[in-house]
Amino acid sequence: RLSSADKQRLDDHIERLDELQRKLEVVVSCGDIQPPTESSTSLWSEQGYSTNPDLNRQFWQLHNDVIAAAFSCDTCRIATMLVGDIFSPTGGDWHQDVAHQCNQLTDKEALMWESYQRFFEGVFLDLAAKLDAIADTEGTVLDNTLLQWTMESGPSTHDPIEMPVVTAGGAGG
C-alpha cells in the first residue's frame, strides 16, 4: 500500500525516467548540412600558419561552420572559443614584443589593432553572418543568440580597465 504522497512521488519518478528514456532515443537529423570540405587540422599544420592571417581566418571559420551546424540542429546552445592566434604576419615573441609594447604609441599599437580588426572581420562577423543565414522558429538563429567578443586587455596588456566588449544578436528578445 502506498500513501497518496508516495504514489505521487512514484508517478513523478516514472515520468522522469520516461523523459530520460525518450531523450536517450532521440535521433538528431540536420537535413542537408554539409560537412566542411577542408580539414581544420590541415590548415593548422600548414607551414607558416602562425604568421598567416588568411590561414588563421580560414581555420576559425571552419570552427564557425561547426558552431552554426550545432546551433541549427539544436544539438548545442552554448559555444566558446579561446583564440590564441595572432592574425598578424609579424613573427617573433608577439606577447612581449608587440602586446606589451602596444601602449607605448609605437608601430606596435598598429600591429595589435590590425590583428584585432582581422579577427573581428574574419571570424566574429563571419559567425554572426552564418547564424543570421539560418532560419529559426521566429527570425534567424542570430535573433535567438547572443554573441560576445572581448579580449583580456583594455588599452594596455593585462589591464582590465576599459576592456572592450562587442555583442551581436537578439538574445531571444
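As shown above, the structure is provided for reference.
Scope of this entry: the structure provided in the associated data block. (Residues numbered from 1 in each chain as written. Predicted model: local features only at pLDDT ≥ 70, side-chain atom pairs only at ≥ 80, totals over all residues. Heavy atoms only, no water.)

### Description of unusual backbone geometry
Heads up, the rule is: Comment: elements are numbered from the N terminus, with helices defined as DSSP H or I runs of at least four residues and strands as E runs of at least two. Note on exposure labels: buried denotes an accessible area under 20% of the residue type's maximum, exposed denotes more than 50%, and partly exposed covers the range between, all computed with a 1.4 Å probe on protein chains only.
One non-glycine residue, aspartate 74, lies in the positive phi region at around 60°. Structurally, aspartate 74 is set in the loop between α3 (53-73) and α4 (94-98). Residue aspartate 74 is classed as partly exposed on the basis of its relative accessible area, which comes to 46%.

### Here's the deal with the packing of α3 against helix α5 (residues 107-132)
Defined as follows: Between the N-to-C directions of two axes lies an angle of 0 to 180 degrees, each axis being a line fitted to C-alpha atoms and, for a helix, fitted only over the stretch in contact. Here is the rule for angles: anything less than 35 degrees is roughly parallel, anything more than 145 is roughly antiparallel, 65 through 115 is roughly perpendicular, and the remaining ranges are oblique. For a crossing to be left-handed, the near helix must be turned anticlockwise from the far one by less than a right angle; the clockwise case is right-handed. Contact between two residues is taken to exist if any of their heavy atoms lie within 4.5 Å; hydrogens are not considered. When residues are grouped by polarity, Ala, Val, Leu, Ile, Met, Phe, Trp, Tyr, Cys and Pro land in nonpolar, Asp, Glu, Lys and Arg in charged, and all others, Gly among them, in polar.
Interaxial distance between α3 and α5 falls to 9 Å at its minimum, and their mutual angle equals 20°. Relative to α5, the element α3 lies roughly parallel. Relative to α5, the crossing made by α3 is right-handed. Along the contact surface, α3 presents Pro53, Arg57, Trp60, Gln61, Asn64, Asp65, Ile67, Ala68 and Phe71, while α5 presents Arg118, Gly122, Val123, Asp126, Leu127, Lys130 and Leu131. In the contact of α3 with α5, the residues fall into 8 nonpolar, 3 polar and 5 charged.

### Side note on α3
Two residues of an α-helix separated by three or four positions point the same way, owing to the 3.6 residues in each turn. As a reminder of what qualifies: Under the convention used throughout, the expected extent of a helix is 1.5 Å for every residue step, that is, one less than its residue count. Under this definition, polar contacts are N or O atom pairs within 3.5 Å; protein pairs additionally need one hydrogen-donor-capable and one acceptor-capable atom, and for neighbouring residues in sequence, both atoms have to be side-chain atoms.
Helix length check: α3, at 21 residues, gives a terminal C-alpha distance of 30 Å against a target of 30 Å (1.5 Å per residue), a fit within 8%. With a side-chain oxygen positioned 3.0 Å from the backbone nitrogen of aspartate 54, the residue opening α3 is asparagine 52. Aspartate 74 lies just past α3 and shows a positive phi near 60°.

### Focus on the side chain of asparagine 64
Here asparagine 64 shows up in helix α3. If near-sequence neighbours (up to four positions away) are discounted, asparagine 64 is found in contact with Met81, Val123, Asp126, Leu127 and Lys130.

### A word on empty space enclosed by the protein
Basically, it comes down to this: Definitions used for this entry: grid spacing 1 Å over protein atoms alone; cavity, a set of points where a 1.4 Å probe fits but cannot get out; pocket, an open set with protein on both sides within 12 Å along at least 5 of 7 lines; lining residue, one with an atom within 4 Å of a point. Grid points are joined across faces, edges and corners, and a volume is the space filled by probe spheres set on the points.
In total, this model carries 1 cavity of 30 Å³ or more according to the counting rule given. Size it by volume and the largest cavity reaches roughly 40 Å³. Taken together, Cys102, Met112, Trp113, Tyr116, Ser153, Gly154, Pro155, Ser156 and Thr157 make up the lining of the largest cavity. When its residues are assigned to classes, the lining of the largest cavity shows 5 nonpolar, 4 polar and no charged.

### Considerations on a negative patch on the surface
Definition in use: Surface patches are drawn from residues lacking salt bridges whose relative accessible area is over 30%; two like charges belong together within 9 Å, two nonpolar side chains (Val, Leu, Ile, Met, Phe, Trp, Tyr) within 5 Å. Here, Shrake-Rupley sampling with a 1.4 Å probe gives the accessible areas, and only protein chains in the shown set may cover a residue. Here, a salt bridge means any side-chain nitrogen of Lys or Arg that lies within 4 Å of a carboxyl oxygen of Asp or Glu. Lys and Arg are tallied as positive, Asp and Glu as negative. Neither His nor the chain termini are counted. Just so you know, the charge point we use is NZ for Lys, CZ for Arg, CG for Asp and CD for Glu.
A contiguous patch of negative charge on the surface is contributed by Asp132, Asp136, Glu138 and Asp143. Tracing the chain through its elements places aspartate 136 in the loop between α5 and β1 (147-150).

### Structural notes on the side chain of threonine 145
Of note, threonine 145 is situated in the loop between α5 and β1. Beyond its immediate sequence surroundings of up to four residues, threonine 145 is in contact with Phe71, Leu131, Ala168, Gly169, Gly170, Ala171 and Gly172.

### Here's the deal with the packing of aromatic side chains
Aromatic ring pairs are described here by two measures, namely the spacing of the ring centres and the angle between the planes. Test applied: In this analysis, rings of Phe, Tyr and Trp, with Trp reduced to its six-membered ring, are considered paired at centre separations within 6.5 Å, and the interplanar angle assigns stacked below 30 degrees, edge-to-face beyond 60, and tilted for intermediate values.
As enumerated under the stated definition, the model contains 9 aromatic pairs in all. Ring centres of tyrosine 116 and tryptophan 149 lie 6.5 Å apart, and the angle between their planes is 80°; this geometry places the pair in the edge-to-face category. With tyrosine 116 in helix α5 and tryptophan 149 in strand β1, this pair connects stretches of sequence that are 33 residues apart. You can call tyrosine 116 buried: its relative accessible area is 18%. Tryptophan 149 sits in the buried class, given a relative accessible area of 15%.

### Digging into the nonpolar core
Quick reminder of the rule: Among buried residues, those of type Ala, Val, Leu, Ile, Met, Phe, Trp, Tyr and Cys that are joined through side-chain atoms within 4.5 Å constitute a nonpolar core.
Ranked by internal contacts, the top residues of the largest apolar core, which has 32 residues, are Phe124, Leu131, Leu147 and Trp149. Mapped onto this core, the elements with two or more residues apiece are α3, α4, α5 and β1. Top element by residues in this core is α5. It accounts for 10 residues. Setting aside residues up to four positions removed in sequence, leucine 131 forms contacts with Ala68, Phe71, Thr140, Val141, Leu142, Thr145 and Leu147.

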